[in-house]
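Single-letter residue listing:
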Amino acid sequence: MSNNPLIKAYRKPALYITLPSGGQYYDPKPTLSVDGELAIYPMTARDELITKTPDALFNGEATNTLIRSCAPDIQDPDQIPVNDLLTILLSIRQASYGDKVEVDINCPQCKHINQMAFDANTILAKSKSVEDVDRVVTLSGDFKVTLKPYSLKDRTILQIQQVKQAKMVQALTDSADLSEEEQTERFGKTFVEIANLTVELIANCIEEVNHDTDLEEPVFDHDTIKEWLANITTNDYDLIKETVEKLSDSGINQMFKISCQECGHGWDAQVDLDMSNFFAG
Ligand SMILES: [Zn+2]
């Protein structure tokens, strides 16, 4: 945070939270309290404006700026393991607006807009610790791979790519003047690009590969691991990917039982407690 004495005196932490990762996987490590907790500051007027800029959401820049301001003890937000992200964002919201998380939910039957309120403490209580998942997987042939969750940067890259891909597919579908061969070729290129990116992102989540007898020492080098990853079987690849996804899951349930205030219809709704609608109110 700033060294300006006026700002230092004015902005105080509103709450302290336990990170699901316990501060693991960050480099440099976040500065935690003596109890191992992270300080969360309320949003400033400027932060609130940032959270209301829908365009910025796509590049992750808004999330990054918000975390820099409200969780300044995390030196590099790009490094946040994504399983910590929802806990951090919910806590920032809680520090700024109180325990109630208000979300508008449309009834699928009568279209009534239900204004729902959830308790942030109840939601956060369900986040799980990464220690619940074994991060070392053993592949065929006894290769041992040590994994970590996706970082916020990885997630942003993936989101940008998905938006680009969707736009490209749309543009191809719309362009009547392209021959069928040209369309097939461009579709193919797009999918090869996304496949390469997926391998790249999974490679980012591999800390080391080891083999007791066939390797002299564990391999840490990113490029070596990436090249190897493109040469392993689907079974081994899927096992790695599944484990990375489990490690990246916050454990926070975003399905809520809703009962319509107008017509009484009951259903399970997926409520995205993410930047997208979560700060919109
Ligand atoms: Zn209804």
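Residues numbered from 1 in each chain as written. Predicted model: local features only at pLDDT ≥ 70, side-chain atom pairs only at ≥ 80, totals over all residues.

### Re the overall build of the chain
Next up, step 1: From N to C terminus, the chain includes 10 helices and 9 strands.
Next up, step 2: If you line up the chain on its principal axes, its C-alpha atoms span 55 × 55 × 40 Å.
Next up, step 3: Counting only residues that meet the buried cut, the chain has 23% of its 281 residues in that class.
Next up, step 4: Within the chain, contacts between residues separated by at least 24 positions form 68% of all contacts whose residues are at least 6 apart in sequence. (Helix = DSSP H or I, 4+ residues; strand = E, 2+ residues; numbered from the N terminus. Buried ≥ 20, exposed ≤ 12 C-beta atoms within 10 Å, placed from the backbone. Contact = placed C-beta atoms within 7 Å.)

### With respect to helix 6 (residues 152-174)
An α-helix turns once per 3.6 residues; consequently, residues spaced three or four apart project the same way.
Next up, step 1: When the terminal C-alpha atoms of helix 6 are compared, their 33 Å separation across 23 residues agrees well with the 33 Å that a helix rising 1.5 Å per residue should span.
Next up, step 2: Considered for burial, the residues of helix 6 that qualify are L152, D154 and R155.
Next up, step 3: Packed against the buried residues of helix 6 are helix 3 (61-70), helix 4 (82-97) and helix 7 (180-204). (Expected span 1.5 Å × (residues − 1).)

### Points about the domain arrangement of the chain
Many analyses report the size of an interface as the accessible area lost when the parts associate.
Next up, step 1: Considered domain by domain, the chain is made up of domain 1 (5-130 + 274-278) and domain 2 (136-248).
Next up, step 2: Distance between the C-alpha centres of domain 1 and domain 2: 28 Å.
Next up, step 3: In terms of residues, the side of domain 1 that touches domain 2 owes the most to one element, helix 4, which gives 3 residues.
Next up, step 4: Within the side of domain 1 that touches domain 2, the residues separate by chemical class into 8 nonpolar, 5 polar and 1 charged. (Domains from an automatic or database assignment. Nonpolar A, V, L, I, M, F, W, Y, C, P; charged D, E, K, R; others polar.)

### A short note on the sheet that holds strand 7 (residues 206-210)
Next up, step 1: Pairing in this open sheet of 3 strands is antiparallel, and the strands run 5-6-7 from one edge to the other. Of all strands in the sheet, those bounded by a partner on one side alone are strand 5 (136-138) and strand 7. If you compare each strand with its neighbour and ignore which way they point, the axes differ by 20 degrees on average. (Pairing = 2+ DSSP bridges. Axes fitted to C-alpha atoms, helices over the stretch in contact; angles between N-to-C directions.)

### Considering the nonpolar core
Next up, step 1: If you look at the biggest cluster of nonpolar residues, it comprises 37 residues, and the most contacted ones within it are I40, C70 and I92.
Next up, step 2: Elements supplying a minimum of two residues to this core: strand 2 (38-40), helix 3, helix 4, strand 6 (144-147), strand 7 and helix 9 (234-248).
Next up, step 3: The element contributing the most residues to this core is helix 4, with 8 residues.
Next up, step 4: Two domains each donate at least three residues to this core, and these are domain 1 (5-130 + 274-278) and domain 2 (136-248).
Next up, step 5: When near neighbours in sequence (up to four residues on either side) are disregarded, I92 contacts I40, M43, L66 and C70. (Core = buried A, V, L, I, M, F, W, Y, C linked by C-beta atoms within 7 Å.)

### Overview of helix 3
Next up, step 1: All of the buried residues in helix 3 are A62, T63, L66, I67 and C70. Seen end-on, helix 3 carries its buried residues on one side only, within an arc spanning 125 degrees. (Arc of directions from axis to C-beta.)

### Some points on the confidence of the model for the chain
Next up, step 1: Residue-level pLDDT values for the chain average 87, and 94% of them are 70 or greater.
Next up, step 2: Put simply, helix 10 (residues 275-278) is where the chain has its lowest mean pLDDT, 57, and strand 2 is where it has its highest, 97. (pLDDT = per-residue confidence, 0-100.)

### So, unusual backbone geometry
Next up, step 1: The peptide bond linking D27 to P28 adopts the cis configuration, its omega dihedral lying at 5 degrees.
Next up, step 2: Relative to the elements of secondary structure, P28 occurs in the loop between strand 1 (15-17) and strand 2.
Next up, step 3: Positive phi values are uncommon outside glycine, yet Y25 reaches one of about 75 degrees.
Next up, step 4: Along the chain, Y25 falls in the loop between strand 1 and strand 2.

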